[in-house]
Amino acid sequence: MAFKKMINSKKLLAFLAVFMLSGTNLLMAQTVTTDATAKPGVNWLGVGFYILLFLVAAVVIAIIGKILKVYDLSQQIKGKKGIHWNTIMGVICLIFLVVGMYGAYWDITVQGSMTLPEAASKHGVRIDAMFLTTTIITLIVFVITQILLFTFLFRYRHSDKRRAYFLPHNNTIEKVWTIIPAIVLTVLVIFGFFTWQDVENSSDIKGQPASLNIDITGHQFAWELRYPGPDGKLGKKDFRLSAGSNKLGIDFKDINSMDDLQADTLVLPVNKTIRLNIFAQDVIHSVYMPHFRVQQNAVPGLPTFFKFTPTITTEEMRRKVDDPKFEYLLYCNKICGSGHYNMQKVVRVVTQDEYNQWVAKLKPYLTPALRTELKLASADQNKSITQNRLALNN
Amino acid sequence: MSTLAVQDHGVAHHEEGHEHHHDTFLTKYVFSQDHKMIAKQFLITGITMAVIAMLLSILFRIQLAYPDKTFPLLETLLGRFAPEGRLDPEFYLSLVTIHGTIMVFFVLTAGLSGTFSNLLIPLQVGARDMASPFINMLSYWFFLTACVIMLSSFFVQKGPAGPGWTIYPPLSALPQAMKGSGLGMTLWLISMVCFVASSLMGGINYVSTVLNMRTNGMDLWKMPLTIWAFFLTAILGVLSFPVLVAGVVLLIFDRSFGTSFYLSDIVVNGQVMPFEGGSPILFQHLFWFLGHPEVYIVIMPAMGISSEVMSVNSRKPIFGYHAMVYSLIGITVLSFIVWGHHMFITGMNPFLGGVFMITTLIIAVPSAVKTFNWLATLWRGNIRFTPAMLFAVGMVSFFISGGLTGIFLGNAALDINLHDTYFVVAHFHLVMGSAAIFGMLAGVYHWFPKMFGRLMDEKLGYLHFWLTFIGAYLVFFPMHFMGLDGVPRRYYAFTEFASMQRWLSVNMFITWAAIMSACAQVAFLYNFIHSIFWGKEATQNPWQANTLEWTTPVERIHGNWPGEIPSVYRWPYDYSKPGAEEDFIPQTTPLSETMSSNVPHDFEDNPAGLEALSKWSSTQKANEEVK
């Protein structure tokens with residue numbers, strides 16, 4: 001009891017208040033001095049201040065708890081009922097519902113407007129349409145079920161005068177609310193299934209103009225691009241050839257790879273079908289281009305593809321989002337190590353003319369330096385490959 | 001009508017047995033084989049792990065909120081993991097990994113199933129203990145070993161495992177790829193093998209106890225929904241956890257013995273590796289074959305507990321008991337064929353993706369049925385707001401909010417843009433994280449008297465509930481929009497992207513909401529520990545509930561019932577039955593004692609009983625006419 005008295009004593013509280021105030025003063029003083037020094041030490045006063053703040057909060061809660069208990073007991077002594085906690089909780093549920101619904105509304109309008117701009121690709125528009133449908137359906141369900149949940153809690157809060165309504169089951173209504181979600185989900189599934197099949201189809205249909213093939217290779221922690229040269233074809237690659245300047249392991253014995261081009265920015269001609277051939281060298285990465293609604297993992301040992309058609313140039317998008325510095329981005333979206341958070345590449349969508357001009361300036365992978373290096377190294381490389389084979393045979 | 005066979009000799013035998021029973025401290029509290037003590041061991045270990053994982057999350061939340069600031073205190077606390085007072089990027093990933101692993105496996109699987117399956121299965125089906133108490137004890141000790149190994153990885157040079165809780169190879173297989181794939185990863189894998197061993201021993205025990213050791217009259221359709229949930233969860237675990245071990249063992253081979261199950265065509269830091277012919281996708285298949293049932297292993301016990309708690313506290317039978325059981329069974333079966341929805345964009349054949357999308361969206365139907373049935377249970381109830389009830393309701397609210405976003409993510413076409421973004425983080429933290437932890441807390445508040453013979457403080461419970469409930473929504477709701485803006489998860493800082501910097505203020509808000517929720521847990525911990533020793537002493541049936549565990553005495557004796565195990569005559573949800581004196585009728589009350597409240601529905605498959613009922617009601621009518 002003595003301990004409890006101590007906690008409740010006013011003197012102690014006053015002391016705490018004084019301590020807190022002086023703590024604040026000291027904290028302020030401390031921040032000024034730490035700014036001056038080069039390497040700040042641990043600001044123990046600041047730490048102590050937060051701990052103290054927490055303790056004060058705990059003490060306040062303890063005091064409120066005690067007051068409530070005393071009040072409750074005194075009411076009981078008077079022969080009245082204590083605090084109606086059931087009513088209080090019911091009311092809080094109702095308040096939570098109203099405030100929560102407003103909060104959700106606020107969040108959807110304010111933060112919802114901070115989300116991605118309209119899709120900048122052909123299939124992206126379809127995905128967005130489906131997103132909208134799904135959002136509307138789920139929002140309706142969300143609002144109705146949460147309202148029912150919390151109003152029921154308020155409406156049917158405990159009362160000694162009442163008895164609950166004995167309702168163990170009702171087959172009709174159960175069938176109804178099994179079948180309705182089933183129908184809605186079937187619609188979404190069918191809608192989604194066909195969109196998915198179309199989006200994921202990465203092979204070119206015969207007769208249509210061939211899409212522009214671009215290789216993108218992820219490694220820790222950057223992306224490498226490879227554009228086809230004038231022949232429009234990308235040469236073969238072999239990971240065993242990755243050495244020295246030939247980082248990607250391009251097989252220059254393949255005639256198609258002779259004119260392959262290297263680039264720093266992923267520049268795409270607008271309204272032309274692009275087929276990204278996605279590779280990874282070390283660990284799994286993910287090619288993520290949210291503005292185009294494109295994502296595909298880059299898996300070592302398993303080439304993947306994504307075919308899409310950009311429809312809005314960077315310039316147009318800058319005007320649309322009213323931001324002259326806007327850039328489309330491609331970044332890694334699969335945990336890949338310490339630099340995962342900064343593995344990005346700028347994507348620029350331009351007109352066909354601009355693209356042609358840009359492509360003309362690109363340098364080939366087969367630089368003169370690499371040419372000489374390869375000629376010197378070719379004998380070594382062959383040897384190392386045969387050695388590998390031998391090792392495997394063993 | 002049902003017969004009540006009193007077997008006196010059973011009583012005598014048992015009491016005799018008790019006189020020979022001498023518990024030392026070691027056999028009672030440490031190497032206990034009593035299911036109630038093992039449940040408490042699981043609970044306290046689980047809560048400890050939860051607090052650790054929560055503190056880890058606060059650490060990385062601070063990094064996300066203040067990526068540019070230095071906190072010298074962090075260097076004091078974490079040493080080389082936070083040089084200059086800022087978290088190391090690799091240690092950030094380790095924090096994320098260990099937070100996820102601990103929360104999913106150690107808290108929400110072992111802490112939740114381990115605690116409540118152990119506590120409630122024997123008590124609610126009417127058994128003196130588990131089918132194999134010794135294996136039950138082993139299960140706990142394997143679990144504790146797993147916990148210790150997992151935490152010990154914080155003390156190795158390169159730090160704990162860091163490739164995310166899903167440990168996808170090659171990142172987890174190549175020590176050159178990141179620090180967290182070194183010794184820390186080895187410890188993670190060893191810990192997980194111990195954990196799965198623990199889980200399997202527990203699961204086999206739960207299944208065999210439910211199937212074989214039910215008391216007289218407790219047929220499957222008289223079991224409380226908690227038992228149904230634990231039973232099906234255990235089946236899921238027993239069937240899916242071994243697949244994880246298979247995956248983990250192959251990964252150990254790849255890491256330590258030079259095999260190429262998951263590795264192929266790899267060049268790390270310019271060095272060509274000799275691996276050929278493996279597939280990283282294979283690991284993902286093996287992992288998610290457990291990984292997806294795992295999320296149902298986490299949520300189903302929470303569903304069972306919430307169903308029970310909501311029925312007791314709204315003084316109403318659970319609405320659609322059969323539908324609830326069938327939807328649990330449906331979820332169990334379907335959860336085995338949906339794992340591919342974690343892999344839509346990993347390079348898996350798109351056609352397979354389409355199939356997995358169909359199965360995934362089908363699973364929303366039983367989930368919807370459950371939600372509507374919970375709402376119908378509350379409708380026209382007489383709701384008592386105990387803290388357990390509030391947490392159960394909170395579970396339903398989270399399950400709705402988080403479940404609905406599952407319809408987006410389960411749709412392969414939408415998943416293209418949402419995969420691995422904060423939208424996913426928001427989704428599973430609500431539907432699986434918060435919902436399951438609320439189910440667990442509901443269980444703790446509700447069955448605390450059964451574990452410790454005392455009651456927890458209600459007002460502190462209210463405070464704990466509201467702060468945590470509001471806090472969780474404040475933390476996870478805004479994350480949806482970050483995901484819709486294409487902000488990826490597991491990013492150490494958003495500073496490198498101009499487009500993400502506007503989310504920094506939101507991140508700060510989320511971090512402070514998380515700190516508030518974390519502080520609220522102090523109210524729980526204080527309440528929990530204080531009530532164990534000084535709480536108000538509980539009566540035998542403090543919540544006026546029907547289930548069998550409340551027929552045991554308050555002092556928790558080995559063997560549960562001092563005499564004969566009671567027989568069961570009715571389903572567990574006869575609350576507020578019209579015509580009954582009280583608003584609850586325990587399962588042990590024969591129908592013959594409650595003639596005034598019986599309804600024809602009580603006598604399905606029992607023509608003799610039905611006849612007795614009609615006879616009784618006709619005499620009743622005759623009497624009234626005489627009057």
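Residues numbered from 1 in each chain as written. Chains lettered and ligands numbered in written order. Predicted model: local features only at pLDDT ≥ 70, side-chain atom pairs only at ≥ 80, totals over all residues.

## Some points on the overall build of chain B
Quick note on the threshold: Every helix listed is a DSSP run of H or I at least four residues long, and every strand listed is a run of E at least two residues long, numbered separately from the N terminus. Only C-alpha atoms enter the radius of gyration; for comparison, a globular chain is expected to reach 2.2 Å times N to the power 0.38, where N is the number of residues. Any residue with 12 or fewer other C-beta atoms within 10 Å of its own C-beta is exposed, any with 20 or more is buried, and the rest are partly exposed; the C-beta atoms used are placed from the backbone. Here, residue contact means that the backbone-derived C-beta atoms of the two residues sit within 7 Å.
Within chain B, the regular secondary structure consists of 18 helices and 4 strands. For chain B, whose C-alpha radius of gyration is 26 Å, the value lies close to the compact-globule estimate of 25 Å for 627 residues. With respect to the principal axes defined by its C-alpha atoms, chain B has extents near 100 × 55 × 50 Å. Classification of the 627 residues of chain B by burial places 59% in the buried group. Summarising the internal contacts of chain B: among those between residues at least 6 apart in sequence, 78% fall at separations of at least 24.

## Considering the overall build of chain A
Helices and strands together make up the secondary structure of chain A, namely 9 helices and 11 strands. Put simply, chain A has 394 residues, and 28% of those count as buried. Of the contacts formed within chain A by residues at least 6 apart in sequence, a portion of 66% connects residues at least 24 apart.

## Considering the pairing of strand β5 (residues 274-280) of chain A
Residues and elements named next belong to chain A. Quick note on the threshold: Any two strands are treated as partners once DSSP identifies two or more bridges connecting them.
Counting buried residues along β5, 5 of its 7 residues qualify, which places the element largely inside the surrounding structure. Of the strand pairs in this sheet, strand β1 (residues 212-219) and β5 are connected by 7 bridges, and their pairing is parallel. Bridge pairing in β5 links Ile214 to Leu276. Here 5 bridges tie β5 to strand β8 (residues 304-308), and the two strands are oriented antiparallel to one another. In the strand pairing of β8, Leu276 is matched with Phe306.

## Things to note about the sheet that holds strand β6 (residues 285-289) of chain A
Residues and elements named next belong to chain A. Basically, it comes down to this: Helix axes are fitted to C-alpha atoms over the stretch in contact, other axes to C-alpha atoms as well, and angles between N-to-C directions run from 0 to 180 degrees.
Strand order in the open sheet made by the 5 strands is β4-β10-β9-β6-β7, with mixed pairing throughout. Across the chains shown, the open sheet's two edge strands, defined by having one partner strand only, are β4 (266-269) and β7 (294-298). Put simply, the sheet's adjacent strands are angled 20° from each other on average, direction ignored. Bridge analysis of β6 against β7 gives 5 bridges, and the strand direction is antiparallel.

## Considering the domain arrangement of chain B
Residue and element names in this part refer to chain B. Basically, it comes down to this: Bear in mind that the domain bounds are from an automatic or database domain assignment. Residue polarity is assigned by list, with Asp, Glu, Lys and Arg as charged and Ala, Val, Leu, Ile, Met, Phe, Trp, Tyr, Cys and Pro as nonpolar; anything else, Gly included, falls into the polar class.
Assigned domains within chain B: domain 1 (36-537) and domain 2 (548-626). A straight line from the C-alpha centre of domain 1 to that of domain 2 covers 39 Å. Across the contact, 22 residues belong to domain 1 and 20 residues belong to domain 2. Considering every element that reaches the side of domain 1 that touches domain 2, the biggest residue donor is helix α5 (residues 89-125), with 4 residues. For the side of domain 1 that touches domain 2, the class distribution of residues is 8 nonpolar, 8 polar and 6 charged.

## What about the pairing of β1(A)?
Successive residues of a regular strand alternate their side chains across the two faces of the sheet. All names here are of chain A. Along β1, 6 of the 8 residues are buried, which leaves the element largely enclosed by surrounding structure. Where β1 and strand β2 (residues 222-227) come together, 5 bridges link them in antiparallel fashion. From the neighbouring strand, His219 faces β2, where its bridge partner is Ala222.

## Comments concerning the nonpolar core
All names here are of chain B. Keep this limit in mind: Linking buried Ala, Val, Leu, Ile, Met, Phe, Trp, Tyr and Cys residues through C-beta atoms within 7 Å yields a set, and such a set is a nonpolar core.
Phe391, Ala392, Met395, Ala435, Ala436 and Ala442 are the most contacted members of the largest nonpolar core, which totals 266 residues. With 21 residues, the single largest contributor to this core is α5. Filtering out sequence-adjacent residues up to four positions away, Ala442 remains in contact with Ile305, Ser306, Val309, Ala388, Phe391, Ala392 and Met395.

## Some words on the interface of chain B and chain A
Facing 104 residues of chain B, the contacting portion of chain A comprises 94 residues. If one sorts the elements of the side of chain B that touches chain A by residue count, helix α16 (residues 458-484) of chain B sits on top with 10 residues. Split into classes, the residues belonging to the side of chain B that touches chain A amount to 67 nonpolar, 22 polar and 15 charged.

## Notes on the packing of α5(B) against helix α8 (residues 225-256) of chain B
Residue and element names in this part refer to chain B. Filter applied, for reference: Comment on the angle field: the value is read as roughly parallel under 35 degrees, roughly antiparallel over 145, roughly perpendicular from 65 to 115, and oblique elsewhere. Crossing handedness: left-handed means the near helix sits turned counterclockwise from the far one by under a right angle, and right-handed means the same turn made clockwise.
The geometry of α5 relative to α8 is characterised by a closest axis approach of 10 Å and an angle of 125° between their N-to-C directions. In terms of their interaxial angle, α5 and α8 are classed as oblique. Viewed along their axes, α5 and α8 form a crossing whose handedness is left-handed. Note on element contacts: α8 touches α5 through Thr226, Ile227, Phe230, Thr233 and Ala234, opposite Ser113, Phe116, Ser117, Leu120, Ile121, Gln124 and Val125. Residues of the contact of α5 with α8, tallied by class, amount to 7 nonpolar, 5 polar and no charged.

## Description of helix α6 (residues 133-152) of chain B
Let me state the cut-off plainly: Residue count minus one, scaled by 1.5 Å, sets the expected span of a helix.
Look at α6(B): 29 Å from first C-alpha to last across 20 residues, which is about the 28 Å you get at 1.5 Å a residue. Residues of α6(B) that are buried include every one of Asn136(B), Met137(B), Ser139(B), Tyr140(B), Phe142(B), Phe143(B), Ala146(B), Cys147(B) and Met150(B), and no others.

## Description of unusual backbone geometry
For the peptide bond that leads from Gln220(A) to Phe221(A), omega is -5°, which places it in the cis range. Within the secondary structure, Phe221(A) sits in the loop between β1 and β2. Of note, the bond from Pro169(B) into Pro170(B) is cis; its omega dihedral lies within 30 degrees of zero at 5°. Within the fold, Pro170(B) resides in the loop between α6 and α7 (183-212). For Asp322(A), which is not glycine, the phi torsion reads 60° and is therefore positive. Structurally, Asp322(A) can be placed in the loop between α7 (314-321) and β9 (328-332).

## A closer look at the environment of Ile407(B)
Summarising the element assignment, Ile407(B) is placed in helix α13 (residues 387-409). If sequence neighbours within four positions are ignored, Ile407(B) has contacts with Thr134(A), Thr138(A), Leu188(A), Leu361(B) and Ala364(B).

## Quick look at the confidence of the model for chain A
All names here are of chain A. Keep this limit in mind: A residue's pLDDT is the confidence the predictor assigns to it, expressed on a 0 to 100 scale.
For chain A, mean pLDDT is 84; residues scoring 70 or higher make up 85% of the total. Here helix α1 (residues 2-8) stands out as the element of chain A with the lowest mean pLDDT, 50, in contrast to β6, whose mean of 95 is the highest. Contacts for the low-pLDDT stretch residues 27-37, under 50 throughout, to residues beyond four places or in other chains number 8 contacts. Between residues 383-394, whose pLDDT stays under 50, and residues either more than four places distant or in other chains, the model counts 2 contacts.

## With respect to the sheet that holds strand β3 (residues 261-263) of chain A
Strand order across the open sheet formed by 6 strands is β8-β5-β1-β2-β3-β11 (chain A), with mixed pairing between neighbours. Bordering the open sheet on either side are β8 and β11 (363-364) of chain A, each of which pairs with just one other strand.

## Brief notes about the environment of Phe96(A)
Structurally, Phe96(A) can be placed in helix α4 (residues 85-110). With 54 residues separating them along the chain, Phe96(A) and Phe150(A) place their C-alpha atoms 8.2 Å apart.

## A short note on the packing of helix α10 (residues 321-334) of chain B against helix α12 (residues 364-378) of chain B
All names here are of chain B. Packing of α10 against α12 brings their axes to within 9 Å, and their N-to-C directions diverge by 150°. By the angle between their directions, the pair α10 and α12 is classed as roughly antiparallel. Where α10 crosses over α12, the two elements pack in a sense that is left-handed. Touching Ala323, Met324, Ser327, Gly330 and Ile331 of α10 are Pro366, Ser367, Val369, Lys370 and Asn373, all from α12. Of the residues assigned to the contact of α10 with α12, the class counts are 5 nonpolar, 4 polar and 1 charged.

## Details of the confidence of the model for chain B
Close inspection of predicted coordinates is inappropriate in any region flagged by low pLDDT. All names here are of chain B. Across chain B, the average pLDDT comes to 90, with 96% of residues at or above 70. For the stretch residues 1-19, pLDDT sits under 50, and the model shows 16 contacts to residues farther than four places along the chain or on other chains. Quick note on the complex model: pTM equals 0.90, ipTM equals 0.90.

## Overview of helix α15 (residues 422-452) of chain B
Residues and elements named next belong to chain B. Test applied: A residue's bend is the angle separating two fitted axes: one through the seven residues that end there, the other through the seven that start there.
Maximal helix bending in α15 amounts to about 50°, located at His446; proline Pro449 follows within four positions. Of all 31 residues in α15, 28 are buried; the element is thus mostly enclosed. Gly453 lies just past α15 and shows a positive phi near 70°.

## Observations concerning the environment of Ile67(A)
Checked against the element boundaries, Ile67(A) lands in helix α3 (residues 44-77). C-alpha of Ile67(A) to C-alpha of Leu266(A): the two residues are 199 residues apart in sequence and 67 Å apart in space.

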